[in-house]
Amino acid sequence: MPKNIIEKIWDAHIHKQRKGHPVVLTIDKLLLHEVTSAQAFAELRRRKLTVRHPERIIATLDHSIPTTSDRNNIVDINAKLQVETLRNNTKEFGIQLYDFDSGHQGIVHVTGPELGFTLPGETIVCGDSHTATHGAFGALAFGIGTSEVTHVLATSTILQRKPKTMLVEFIGSLPEHTSSKDMIMKLIATIGVAGAKGHIIEYTGEAIRAMSMESRMTLCNMSIECGARAGLIAPDEITFDYLHNKPYAPKKSEWDKAIQYWKTLGSDVDCYYDNVVQVDISRLKPMVTWGINPEQAISINQIIPNIEDAEQAYQYTQLKPGWRIKNQAIDWAFIGSCTNGRIEDLRIVANILQGQQVADAVRMYIVPGSEQVRQQAITEGLDQIFSEAGAEFRMPGCSMCLAMNADKVPEGQRCISTSNRNFIGRQGPGSITHLASPATVAASAIKGAICSAEDL
Amino acid sequence: MEKFTGITSQAIGLDMHHVDTDMIIPAQYLTQIERNGYGEYLFQRLREQDADFIFNDLRYQSAKVLLTRSNFGCGSSREHAIWALMQAGIRVIVAESYSDIFYNNAVKNGLLLISIEAKIINALIEKSKQAMLMISVDLHEQFIMTSTGERFSFDYEPFRKACLLKGQDDLDYLLEATR
């Protein structure tokens, strides 16, 4: 029977299944960070268990750490303890930690792929809902809770019910001034924040095939924002070229064997999906959110719609139905996060900021997704462009995406952000968030108000 | 994991769709390395912003049953959301639907999530606002009953039901399956 890529990977990882029980699913890779792992290791210790496959795990620091140049000096005593705890846990259980001085510290979903740790056909989990990012490589990757982190540490398996499958087909190619961020925001606005609940998505279409790995990661990253367990893209030559010679990627004859296998992963002709959605992107415009969840998004030229049950959203964002989103004044601009903190994003931003000035009333943070992204940006002179434009180029981390560290948008202030969630208070208590692409955020920072790169 | 068989308690109604885990517990309270100490931060932002927010109403402070609408627990995978709810006394949630990761996290901690159709939920939430509404939950027989005598049955996955009734967690199962 023909299978789609999701079923192929799933079936290859069924360790055991008893009748009427969930599947015992083999997990190939686990990524750890400081916030959702401490309790998992504590449970392991309490039960006197060991880590079954430490070689299939990597850890880094991202969520609660400072992004200032003196970041080794963590002022928040809780965050400091969290970081120390991860250092101790990884040392005790023999797990590779990419610490500040390693050259590879970064947001877990930026660092993992950069190292070639993420490979096609694998099952990959992390105590973080944006783990679907790794789906860009044709891996089945999803977020789990801390209890499940314990399960994977101890057994390299978890219990899972078989998810439904959904095909999302993007029709057409990307117009100028738009990116994969606008594509995924368009999908979420179309099907809603629970539109793919219970499903794993396969993304297809000519725009996807033409896209870099960085752009594919941005797209898969936000799968959770339409409720999907995971989202993935079948691997192709672009995937293989990206992975070739990466530290964790297979080498020599192993590499050839791996490619042969990876080429069999694509969905079979006439395979079945539980759900199929088509999104026409041939006339896509830059997208911006106006409300308090990612489905409350419109094209930059549209007016804010009047929808039922959204009183709380209008009130919180201080916007009204019938108003334009364009030209709303902003106080902050944030470039970064596991959605848009990669070198390609920084190049787009530098291209727009070059020779321009961030508006006087706007404070702009540019936070690279990893140490490697930061170094590459410096090599290319992007840091110079950022500082000449008046933006602050900081050290890698999750930063203002979830405001766990000191990087917060002050109460009542409005931020245009390349991150993934515009939830109430997400970027700091009382902060207002508008999600958008790197190009739209950079253009808005210059203008001091929401606009697209086309409007400059 | 705590065993769960049944409960009778006052219900508290949170009349919202898409309650995300950032609302349930904001990220700034996730810098602890323990499983305890989250209950007091439950819905912290909403409680700060709105004095009339239902979780500020002392009349509901002993409620163990939470009534809410669709897609509850969407967003971040933080299991802290489950810990915060349970440490604030919530043992059962009755809603239209839940996000996937939140659902998975709940069953691993002994928090019972019941799905019931929208119009019943809406009616129950309305009742809980007007007067003290007591709800009895029977997992064994899979029904809930209100103090006004209405009875609603619910579906529940047999495997998960057995785990909850016995207080058996996944780790023992997986250790045995992978031995």
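Look up: the structure comes first, before these words.
Bear in mind that the values here come from a model prediction, so they are computed numbers and not experimental data.

Engineer: Lay out the overall build of chain B with the relevant residues and their values.
Structural biologist: A count of helices and strands for chain B gives 7 helices and 7 strands. Mapped in sequence order, the helices and strands of chain B form the string β-α-α-β-α-β-α-β-α-β-β-β-α-α. Computed over the C-alpha atoms, the radius of gyration of chain B is 16 Å, within 12% of the 16 Å expected from 2.2 N^0.38 for a compact globule of 179 residues. Across its three principal directions, the C-alpha atoms of chain B cover 55 × 40 × 25 Å. For chain B, the residues scored as buried account for 62% of the 179 residues in total. Restricting the contact set of chain B to residue pairs at least 6 apart, pairs at least 24 apart contribute 67%. Summing over all exposed atoms, chain B offers an accessible surface of approximately 6,900 Å²; the carbon and sulfur share of this is 47%.

Engineer: Quick rundown of the nonpolar core? Include the residues and the values.
Structural biologist: Within soluble globular proteins, side chains that are nonpolar generally end up buried alongside one another. Core analysis: the biggest nonpolar cluster contains 113 residues, and Leu353 of chain A together with Phe72, Leu85 and Ile93 of chain B have the highest contact counts within it. Residues in contact with leucine 353 of chain A, not counting those within four places in the same chain, are Val358, Met364, Ile366, Ile385, Phe386, Ala389, Ala391, Ala442 and Ile446 of chain A. Counting residues in hydrophobic clusters, the runner-up holds 82 residues, among them Ile144, Ala154, Ile158 and Trp255 of chain A.

Engineer: Residues and numbers for helix H2 (residues 38-46) of chain A, please.
Structural biologist: For H2 of chain A, the full list of buried residues reads Ala38, Gln39, Ala40, Phe41, Glu43 and Leu44 of chain A. Lysine 48 of chain A sits one or two positions beyond H2 of chain A and adopts a positive phi of about 55°.

Engineer: Which residues make up the interface of chain B and chain A, and what values go with them?
Structural biologist: Tallying the contact residues gives 50 residues for chain B and 61 residues for chain A. The largest contributions to the chain B side of the interface with chain A come from Thr31, Ile33 and Leu171 of chain B, which together make up 14% of the buried area. Counting across the chain B and chain A interface gives 6 salt bridges. The partner of aspartate 172 of chain B in a salt bridge is arginine 47 of chain A, and the shortest N-O contact between them spans 3.1 Å. Taken together, the elements giving at least two residues each to the side of chain B that touches chain A come down to helix H1 (21-24), helix H2 (44-49), helix H3 (80-87), helix H4 (100-107), helix H6 (158-166) and helix H7 (170-177) of chain B. Take the side of chain B that touches chain A: its biggest share by element is 8 residues, from H7 of chain B. Across the side of chain B that touches chain A, the residue classes break down as 17 nonpolar, 17 polar and 16 charged.

Engineer: Would you mind going over the sheet that holds strand S12 (residues 275-280) of chain A in detail, with residue names and values included?
Structural biologist: Residue and element names in this part refer to chain A. Strand order in the open sheet made by the 4 strands is S11-S10-S9-S12, with parallel pairing throughout. In this open sheet, the two edge strands, each paired with only one partner strand, are strand S11 (230-232) and S12. Each strand of the sheet is rotated relative to its neighbour by a mean of 20°, with strand direction disregarded. Pairing of strand S9 (residues 164-171) with strand S10 (residues 199-204) involves 6 bridges; the strand directions are parallel. Residue pairing in the sheet places leucine 167 in a bridge with glutamate 202 of S10. Most of the contacts of helix H6 (residues 180-191) go to S12, to which it runs at about 125°, and overall it touches S9, S10 and S12.

So, how was this worked out
Residues numbered from 1 in each chain as written. Chains lettered and ligands numbered in written order. Predicted model: local features only at pLDDT ≥ 70, side-chain atom pairs only at ≥ 80, totals over all residues. Heavy atoms only, no water. Helix = DSSP H or I, 4+ residues; strand = E, 2+ residues; numbered from the N terminus. Rg over C-alpha atoms; globule rule 2.2 N^0.38 Å. Buried < 20%, exposed > 50% of the residue type's maximum accessible area, 1.4 Å probe, protein only. Contact = heavy atoms within 4.5 Å. Areas by Shrake-Rupley, 256 points an atom, 1.4 Å probe, with all protein chains shown as cover. Core = buried A, V, L, I, M, F, W, Y, C linked by side-chain atoms within 4.5 Å. Buried area = accessible area lost by both parts, 1.4 Å probe. Salt bridge = Lys/Arg side-chain N within 4 Å of Asp/Glu carboxyl O. Nonpolar A, V, L, I, M, F, W, Y, C, P; charged D, E, K, R; others polar. Pairing = 2+ DSSP bridges. Axes fitted to C-alpha atoms, helices over the stretch in contact; angles between N-to-C directions.

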